[in-house]
Amino acid sequence: MNMETSRRDFLKTAAWVAAAPVVGRAAVGATSNAQQAHAPGRGVYPYLGRTADYREWSVVPRGLVITKVETFRRNMLALVRVTASDGSVGWGQVAPYEANITVDVLHQMVARRVLGKDIADIDAINDAVIDANMKWPWSMVCRALSGVDTAVWDLYGRLLNKPVAELLGGTVRPLVAYGSSMRRDISLADEAARMARLKDEMGYRAFKLRLGTPTGHNRDAAPGRSEAIIPAVRKAVGDDVELFADANSCYTPDVAIEIGRRLEDANYAMYEEPCPYWELEWTREVTEALKIEVSGGEQDNDMAQWRRMIAMGAGDIVQPDICYVGGLTRAWRVAKMAEAAGIVTKPHAANVSLVTVFTMHMLAALPKGGEGEFSIEADAGITKEARAMFEPALEVKDGKAVMPDGPGWGIRVREEWIQQAERKVTEK
Ligand SMILES: [Mg+2]
């Protein structure tokens, strides 16, 4: 048994322990009633991603309720403003893309479930939305819920005059970032050259490139592209840079393992989503066959699925996306499940909208948080929209992402953007 195998066996054992139902555990904190209420008859079980030692958030005193939920949408981005009964507000964001549909889901299926709820009960607010939408599980509901959850966290920060990172137990600080390519239509030479340039200009010490095609059934973006780009980028950036590769659900296990060996030969450090993400057994097979760390989970928003993935060893690194998974509260639960199993969380954040801000605050507080993802697509439409939506614009200096400072998320929404956005409101 080599060291790698024995480490993974340990993780598996630890994950099973973390995931096992805990019967008869002593009540934890003032929120144990809610947990007890979830238990089927006796004791506590890890409902919706709670680890055995999970403490429900109790950030602000009880007494303020949510009175209004507003959305502001322009193109693929939508902000959420939550107002509390004392008039204070917090800003959040739903998941980008198809934001018009997400906004409708938010008002029809989420907002009326949270109006009148005490803002202090963030765990209960999240769970009530999931429970109420049992016939419409996960994706769109979670994309919408993320807007409310992140707005309530901003509200906490504004009420207490503290950054969210501090509320989570961390500090605002520069965070090591990796430059993330979103492109497969770029030539090998251009991809290699721009990463080498960004290494010099912005001090990046890690990059991620793209392999195959999304859910591509083993097809490549161009014949031989993936095999060629792996060594080409390594040669261009040198040996002192960490490299990751993302296959976006492309491969069957046999092809994934063959490509993975090429990544190992070129000393890559992470292999993301090699197989269709729902094929957990395939991802486990690839994880077990390779030494390189396999990662995934950006689309996953079902907490029981997360528990299974971690417990069965379908990957070495978890990558929840705060806006896909349902918000910071639920992403934190995933990170805690991972932590209990000794697994690093490297959240997915593939654009410079507020998802990257939320992610920085979480990473600043996670004991087992990896590098932050930072899109290098300066010319992408979503980058321009995000830059118009809030300030300060996100940037990387000396290889580190600069965290906005100030209460809540530390950002200011631009008035011009709000003026041009489509507004919808649900209120009491
Ligand atoms: Mg990915």
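Sequence order as written defines residue numbering, which begins from 1 separately in each chain. Only residues with pLDDT of 70 or above have their local features reported here, since the model is predicted, and side-chain atom pairs are shown and tallied only from 80 upward, although totals for entire chains, interfaces and linings are computed over all residues.

Draft legend 1. Region of the structure containing the sheet that holds strand β1 (residues 66-74). Strand pairing is assigned whenever DSSP identifies at least 2 bridges connecting the two strands. Think of it this way: any DSSP run of H or I at least four residues long counts as a helix, any run of E at least two long counts as a strand, and we number them from the N terminus. With antiparallel pairing, four strands are arranged side by side in an open sheet as β3-β2-β1-β16. Strands at the two margins of the open sheet, each flanked by one partner only, are β3 (89-93) and β16 (422-427). Strand-to-strand twist across the sheet, computed as the mean angle between neighbouring axes with direction ignored, equals 20 degrees. What counts as a contact is two residues whose backbone-derived C-beta atoms lie within 7 Å of each other. Helix axes are fitted only over the stretch in contact, all axes being lines through C-alpha atoms; the angle between N-to-C directions runs from 0 to 180 degrees. Together, β1, β2 (77-84) and β16 form the strand contacts of helix α3 (residues 99-114), whose direction differs from that of β1 by roughly 180 degrees. Against the sheet, helix α5 (residues 139-160) touches β1, β2 and β3, its axis set at about 140 degrees to β3.

Draft legend 2. Here's a closer look at unusual backbone geometry. The step from E391 to P392 runs through a cis peptide bond, and the omega angle for that step is 0 degrees. If you check the backbone angles, D398 has positive phi at about 50 degrees while not being a glycine. Within the secondary structure layout, D398 lies in the loop between β13 (396-397) and β14 (400-401).

Draft legend 3. Local environment of the packing of α3 against α5. Between α3 and α5, the shortest axis-to-axis distance is 8 Å and the interhelical angle comes to 65 degrees. Relative to α5, the element α3 lies roughly perpendicular. Crossing hand, α3 versus α5: right-handed. Where α3 approaches α5, its residues I101, T102, V105, L106, M109, V110 and V114 are matched on the opposing element by M140, V141, R143, A144, L145, G147 and V148. Counted by class, the contact of α3 with α5 contains eleven nonpolar, two polar and one charged residues. Oblique is the label for any angle not under 35 degrees, not over 145, and not in the 65 to 115 range, which are roughly parallel, roughly antiparallel and roughly perpendicular in turn. Crossings are assigned a handedness: left-handed for a near helix turned anticlockwise from the far helix by less than a right angle, right-handed for a clockwise turn. Polarity classes work like this: nonpolar for Ala, Val, Leu, Ile, Met, Phe, Trp, Tyr, Cys and Pro, charged for Asp, Glu, Lys and Arg, and polar for all others, with Gly in that last group.

Draft legend 4. Quick peek at the environment of K424. Inspection of the secondary structure assignment puts K424 in strand β16. Any residue surrounded by 20 or more other C-beta atoms within 10 Å of its C-beta is treated as buried, while 12 or fewer makes it exposed and the intermediate range makes it partly exposed; C-beta atoms here are placed from the backbone. For K424, a count of 16 C-beta atoms within 10 Å gives the class partly exposed. Sequence separation between K424 and V103 is 321 residues, and the spatial gap between their C-alpha atoms is 8.3 Å.

Draft legend 5. Structural detail: the pairing of β2. Within β2, seven of the eight residues are buried, which leaves it mostly tucked inside the rest of the structure. As judged from the eight bridges shared by β1 and β2, these two strands associate in the antiparallel manner. Opposite I66, over in β2, you have A84 as the bridge partner. Sheet analysis places β2 next to β3, joined by five bridges and oriented antiparallel. In the strand pairing of β3, V80 is matched with G92.

Draft legend 6. Spotlight on the packing of helix α11 (residues 303-312) against helix α13 (residues 328-340). Following both chains from N to C, one finds α11 and α13 inclined at 20 degrees, their axes separated by 10 Å at the closest point. Classified by the angle their axes make, α11 and α13 are roughly parallel. In this structure, the crossing between α11 and α13 has a hand that is right-handed. Contacts between α11 and α13 involve M303, W306, R307 and I310 from the first element and R333, V334, M337 and A338 from the second. Among the residues forming the contact of α11 with α13, the class breakdown is six nonpolar, no polar and two charged.

Draft legend 7. The arrangement of helix α10 (residues 280-289) in detail. All of the buried residues in α10 are T283, R284, V286 and T287. For α10, the arc enclosing every buried residue in end-on projection is 165 degrees, short of the 170-degree limit, so these residues lie on one face. Against α9 (253-265), β8 (293-296) and α11 lie the buried residues of α10. This arc corresponds to the set of directions leading from the helix axis out to the C-beta atoms.

Draft legend 8. Examining the confidence of the model for the protein chain more closely. For the protein chain, per-residue confidence averages 92 on the pLDDT scale, and residues scoring 70 or more make up 89% of the total. For the stretch residues 1-7, pLDDT sits under 50, and the model shows two contacts to residues farther than four places along the chain or on other chains. The predictor attaches a confidence to each residue, and that confidence, scored 0 to 100, is pLDDT. Confidence drops under pLDDT 50 across residues 12-41; counting only partners more than four residues distant or on other chains, this segment forms 45 contacts.

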